[in-house]
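Remarks on the overall topology
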Amino acid sequence: MLSIHDFHYSSDAPYPPIKAESGNPAYARVMLDNIGGSNSEMSAISLYVFNQLITGYNPDVSAVFHKVSIVEMHHLEIFGKLAQQLGEEPRLWTQHGCKKIYWSPSYNQYPGDLRTLMRNVIDGEKAAISKYQHQISYIRDENITENLRRIILDERLHVEIFEKVYGTYCS
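Owing to the predicted nature of the structure, the values given are computational and were not obtained by experimental measurement.

On to the pattern of salt bridges. Here the structure, examined in full by the defined rule, presents eight salt bridges. In this structure, E77 and K81 form a salt bridge, with 3.2 Å as the shortest nitrogen-oxygen distance. With E77 and K81 both in helix α3 (residues 59-86) and four residues apart, this pair spans about one turn of that helix. We classify E77 as partly exposed; its relative accessible area is 40%. By relative accessible area, which is 36% here, K81 ends up partly exposed.

Looking now at the nonpolar core. Membership of the largest hydrophobic core comes to 47 residues, with the highest contact counts inside it found for M31, M118 and F162. Where this core is concerned, the elements lending two or more residues are α1 (25-36), α2 (41-54), α3, α4 (114-138) and α5 (142-169). Counting residues per element, this core draws most heavily on α3, at 11 residues. Ignoring any residue separated from it by four or fewer positions in sequence, one finds F162 in contact with Y48, V64, F65, V68, M118, V121, I122 and E125.

Turning our attention to the pairing of strand β2 (residues 99-102). Here strand β1 (residues 93-96) runs beside β2; their pairing, made up of four bridges, is antiparallel. Considered in β2, the bridge of Q95 is made with K100.

What follows is about the packing of α3 against α5. Contact pair α3 / α5: the axes reach a minimum separation of 11 Å and the direction vectors enclose 165°. When the axes of α3 and α5 are compared, the pair comes out roughly antiparallel. Here α3 runs over α5; the crossing is left-handed. Within the contact between the two elements, α3 uses D60, V61, V64, F65, V68, V71, E72, H75, I78, F79, L82 and L86 and α5 uses N143, I144, N147, L148, I151, D154, E155, H158, I161, F162, V165 and Y169. Considering only residue class, the contact of α3 with α5 consists of 16 nonpolar, four polar and four charged.

Given a rise of 1.5 Å per residue, 14 residues ought to cover 20 Å, and the 20 Å separating the end C-alpha atoms of α2 matches this to within 8%. Those residues of α2 not exposed but buried are E41, M42, S43, A44, I45, S46, L47, Y48 and N51. Contact partners of the buried residues in α2: α1, α3, α4 and α5.

Turning to the UniProt feature "domain: Rubrerythrin diiron-binding" (unreviewed entry) in the chain, a few remarks are in order. UniProt's feature table lists "domain: Rubrerythrin diiron-binding" (unreviewed entry) at residues 40-166, given in the numbering used throughout. Secondary structure across residues 40-166 divides into 72% helix and 6% strand, with the first and last C-alpha atoms of the span separated by 22 Å.

Attention now goes to the packing of α1 against α4. Two measures define how a pair of helices packs: the angle their axes make with one another and the distance between the axes. Their axes nearest at 12 Å, the elements α1 and α4 cross at an angle of 175°. Judged by the inter-axis angle, α1 sits roughly antiparallel to α4. Contact residues: Y27, V30, M31, D33 and N34 in α1; K131, Y132, Q135 and Y138 in α4. Across the contact of α1 with α4, the residue classes tally to five nonpolar, two polar and two charged.

Next up on the list: the packing of aromatic side chains. Enumeration over the complete set of coordinates arrives at seven aromatic pairs. Seen from their ring centres, F79 and Y132 are 5.4 Å apart, and the 50° between their planes marks the pair as tilted. Here F79, found in helix α3, pairs with Y132, found in helix α4; they are 53 residues apart in sequence, far enough to count as distant. Residue Y132 is classed as buried on the basis of its relative accessible area, which comes to 1%. Arranged with centres 5.1 Å apart and planes meeting at 40°, the rings of W93 and Y102 form a pair that is tilted. According to the relative accessible area criterion, W93 is buried, its value standing at 11%. With a relative accessible area of 45%, Y102 lands in the partly exposed category. Here the aromatic residues Y48, F65 and F162 are joined through ring pairs into a cluster of three or more. Sitting over the ring of Y166, R119 keeps its end group 5.2 Å from the ring centre. When the ring centre of Y15 is taken as origin, the NZ or CZ atom of R150, which lies over that ring, is 3.8 Å away.

Scoring rules and cut-offs
Residues numbered from 1 in each chain as written. Predicted model: local features only at pLDDT ≥ 70, side-chain atom pairs only at ≥ 80, totals over all residues. Heavy atoms only, no water. Salt bridge = Lys/Arg side-chain N within 4 Å of Asp/Glu carboxyl O. Helix = DSSP H or I, 4+ residues; strand = E, 2+ residues; numbered from the N terminus. Buried < 20%, exposed > 50% of the residue type's maximum accessible area, 1.4 Å probe, protein only. Core = buried A, V, L, I, M, F, W, Y, C linked by side-chain atoms within 4.5 Å. Contact = heavy atoms within 4.5 Å. Pairing = 2+ DSSP bridges. Axes fitted to C-alpha atoms, helices over the stretch in contact; angles between N-to-C directions. Parallel < 35°, antiparallel > 145°, perpendicular 65-115°, else oblique. Left-handed = near helix turned anticlockwise from the far one by under 90°. Nonpolar A, V, L, I, M, F, W, Y, C, P; charged D, E, K, R; others polar. Expected span 1.5 Å × (residues − 1). UniProt positions renumbered as here; feature names shortened; annotations may be inferred. Phe/Tyr/Trp six-rings, centres within 6.5 Å; stacked < 30°, edge-to-face > 60°. Lys NZ or Arg CZ within 6 Å of the ring centre and 35° of its normal.

Shown next as structure tokens:
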């Protein structure tokens, strides 16, 4: 049986300081997208809160979503502070061209059955990892890339946890 108490929801590795090297509008827009884009920490948090509510019939699964959402809130805070240091106001928005677009709950998919719901969150975590790895490949601010690498460790743990939930309740 699944025991939520056996999971570590955040890596044991320490988070690096949140200290961007200097203002950089391009990097700031990247951080804004991590805050309020379609594939963002805000999207993950809102989806996990929703999932926590609709899986209330299974206290273990519901608790997993609650605990993962707390870690994602910390990631949101990190990206917000970085965006601010880089010169942007850390609202829940992203930039498309010259226009800022606020985050929307319509970015999320809301599947009703547990199997589809779990596949959705696993795919979402993997997409976030891929996004952050891509950002590491072109961002030349060591502090930002260290924070991205550290956040990836948490996201990988979330994939493992969600896959265990899937294996326990959806197989």
